[in-house]
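# A closer look at the structure
So the chains spell out like this:
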Amino acid sequence: MKACVLVAPKTYEVKDIEVPELKDGQVLLRVLTAAICVNDVRDYQGENKFSYPHIGGHEYCAVVEKIGPNVNENLIHVGDHVINYIIDDCGICDDCKHGHENICSEFMNGLNYNNPDGYSGFYGFAEYAVADARDLYVYPKETPSDVASLTEPLACVINSIQRTPIKMGDDVVVLGGGVMGLLHVICAKKQGARVIVSEVNPERAAVARQLGADVTINPMESDVVEQIKDLTNGRGANVVFNTTAIPSVAAQAIEMTAKSGYCNIFSSIHPNKPIEVDAGRLHKAEIYVTGTQNGTKESFRRAIDCISKGIVDLKPVISRTYAPEDIVEALDFAASPESYKVLIEFSK
Ligand SMILES: [Zn+2]
Ligand SMILES: [Zn+2]
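Looking at an unreviewed UniProt entry, one finds the chain named Alcohol dehydrogenase and attributed to Absicoccus porci.

## Some points on the coordination of the zinc ion (ligand 1)
The zinc ion (ligand 1) binds to the protein through Cys37 (SG), His58 (NE2), Glu59 (OE) and Glu152 (OE); the donor distances cover 2.1 to 2.7 Å. One can describe the donor arrangement at the zinc ion (ligand 1) as irregular, given that its four donor atoms subtend angles of 80 to 167° at the metal. Between the donor residues of the zinc ion (ligand 1), the gaps in sequence give the motif C-x20-H-E-x92-E. Taken together, the positions of Glu59 in strand β5 (residues 59-67) and Glu152 in helix α4 (residues 151-162) put the pair 93 residues apart, joining distant regions of the chain. The two residues Glu59 and Glu152 agree in class, both being buried.

## Digging into helix α11 (residues 327-335)
Turning to α11, its buried residues number three or more, namely Ile327, Ala330, Leu331, Phe333 and Ala334. Buried residues of α11, seen end-on, are gathered within an arc of 160° and therefore sit on one face of the element. Of the surrounding secondary structure, the elements contacted by the buried residues of α11 are β1 (2-8), β2 (11-16), α1 (38-44), β16 (318-322) and β17 (341-345).

## Let's talk about the packing of aromatic side chains
In total, this model carries eight aromatic pairs according to the counting rule given. With 6.4 Å between their ring centres and 55° between their planes, Tyr322 and Phe333 make a pair best called tilted. Here Tyr322 is found in strand β16, whereas its partner Phe333 is found in helix α11, with eleven residues between them in sequence. Here Tyr322 matches Phe333 in class, with each residue buried. Through pairs of rings, three or more aromatic residues link up here, namely Tyr85, Tyr137 and Phe300. Directly above the aromatic system of Phe333 lies the positively charged group of Arg320, at a separation of 3.7 Å from the ring centroid.

## Some words on the packing of α4 against helix α10 (residues 297-308)
Between α4 and α10, whose axes approach to 8 Å, the crossing angle comes to 110°. Relative to α10, α4 is oriented roughly perpendicular. The two elements α4 and α10 meet at a crossing, and its hand is right-handed. Contacts from Thr151, Glu152, Leu154, Ala155, Ile158, Asn159 and Gln162 of α4 reach α10 at Glu298, Ser299, Phe300, Arg302, Ala303, Ile304, Cys306 and Ile307. Among the residues making up the contact of α4 with α10, the classes are represented as eight nonpolar, four polar and three charged.

## A closer look at the layout of surface pockets
Computed from the structure, the second largest pocket encloses a volume of approximately 790 Å³. For the second largest pocket, the lining is made up of 26 residues, of which Gln26, Leu111, Asn112, Tyr123 and Val130 are closest to its centre. With four residues, the top contributor of residues to the lining of the second largest pocket is strand β8 (residues 128-132). Tallied by class, residues from the lining of the second largest pocket come to 13 nonpolar, six polar and seven charged.

## As for the coordination of the zinc ion (ligand 2)
Each angle at a metal carrying four tetrahedral donors should ideally be 109.5 degrees, and each at a metal carrying six octahedral donors should ideally be 90 or 180 degrees. Here the zinc ion (ligand 2) is held by the protein donor atoms Cys90 (SG), Cys93 (SG), Cys96 (SG) and Cys104 (SG), which lie 2.3 Å from it. Coordination at the zinc ion (ligand 2) is tetrahedral, judged from the four donor atoms that bind it and the angles of 104 to 119° they form at the metal. Here the donor residues of the zinc ion (ligand 2) are spaced in sequence according to C-x2-C-x2-C-x7-C. Residue class for Cys104 comes out buried when judged on its relative accessible area of 2%.

## Structural notes on the pattern of salt bridges
One side chain can pair with another of opposite charge once the charged atoms of both are near each other. With the rule as written, the count across this model stands at twelve salt bridges. Residues Lys15 and Glu13 are paired through a salt bridge, measuring 3.6 Å at the closest nitrogen-oxygen approach. With relative accessibility at 30%, the residue Lys15 sits in the partly exposed group. The class of Glu13 is partly exposed, set by a relative accessible area of 34%. Note that Asp89 is salt-bridged to Lys297, the shortest N-O span being 2.8 Å. Placement of Asp89 in the loop between β6 (81-84) and α2 (94-97) and of Lys297 in helix α10 is noted, with a sequence separation of 208 residues between them. Linked by salt bridges that have partners in common, Asp89, Arg134 and Lys297 make up one network.

Calculation rules
- Residues numbered from 1 in each chain as written.
- Chains lettered and ligands numbered in written order.
- Predicted model: local features only at pLDDT ≥ 70, side-chain atom pairs only at ≥ 80, totals over all residues.
- Heavy atoms only, no water.
- Donors = N, O, S within 2.8 Å, 3.2 Å for Na, K, Ca; no water.
- Tetrahedral: all angles 85-135°; square planar, octahedral: opposite > 155°, others 65-115°.
- Helix = DSSP H or I, 4+ residues; strand = E, 2+ residues; numbered from the N terminus.
- Buried < 20%, exposed > 50% of the residue type's maximum accessible area, 1.4 Å probe, protein only.
- Arc of directions from axis to C-beta.
- Contact = heavy atoms within 4.5 Å.
- Phe/Tyr/Trp six-rings, centres within 6.5 Å; stacked < 30°, edge-to-face > 60°.
- Lys NZ or Arg CZ within 6 Å of the ring centre and 35° of its normal.
- Axes fitted to C-alpha atoms, helices over the stretch in contact; angles between N-to-C directions.
- Parallel < 35°, antiparallel > 145°, perpendicular 65-115°, else oblique.
- Left-handed = near helix turned anticlockwise from the far one by under 90°.
- Nonpolar A, V, L, I, M, F, W, Y, C, P; charged D, E, K, R; others polar.
- 1 Å grid on protein atoms, 1.4 Å probe; cavity = no way out; pocket = protein on both sides within 12 Å on 5 of 7 lines; lining within 4 Å.
- Points joined across faces, edges and corners; volume = space filled by probe spheres on them.
- Salt bridge = Lys/Arg side-chain N within 4 Å of Asp/Glu carboxyl O.

Below, the structure written as structure tokens:
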């Protein structure tokens, strides 16, 4: 099978490799479309840790090609369109037992990150991938594979949105107008909020407005916390989502949160420099500060429902689709500020 293999930092090879064997409870998936995540770009640039050779691509949709031993064939059939819950949750640790499988303490200890005997990775950047049947979600066949491949990022955003109690008429601030910021805009609008997006790049701000942002502000023009206070009668925003990796922006996110408001640190922070927080204000203003990582099993299901029922339209965040042979070009484009989601199509 064809696979895009990262053999060393900044070195991709498109190779012909063996189709993986199926073990108990597993199915073979033929990948339709894979989306490039910012983490795939970081993987390519050598910023993340895993064993080489590596086959990336955790945002993909696929067709069930073959069913292995001991799979419940009442629920999974050859030809089903599916999404794989890509968090390798152990099911045993305290986090899993408390229903927080998305932050399982073991999820980075499996073969996805370290495989001494073969390829590490999620296999979305290959023609075929193997999945545990219990991790699959079946998609309606009518859903186009380009939007279906965006289930994982939407699931992360739904997990973020549902962490906060957005109410009709609330002011919601989204810091950053990249793909994850735009997905927050789309979802927060569905909850009845006035959505304010802070974005430096005027073209990106215009796209945020097209996708529903009521107001966009430029954080370089003047102090962003003051701009939010001016727009909200001095109260700040009821709910703030930080989708940027910048530590100082995470600090501003907390500062611009209104009394009894919620601030979610959605993005991972790079470099992860500690920030200063006014603990006295958190106390007096009863502010909730939280974070979210990954999608939960439930938010994946909800993302599939939102996409397949047409509740959200993700077509506008898709910039371009590439062939597997052009993965390096695709990654370079994905890293540029002109692009949103960049896809790789493996089969139809
Ligand atoms: Zn991702
Ligand atoms: Zn676990």
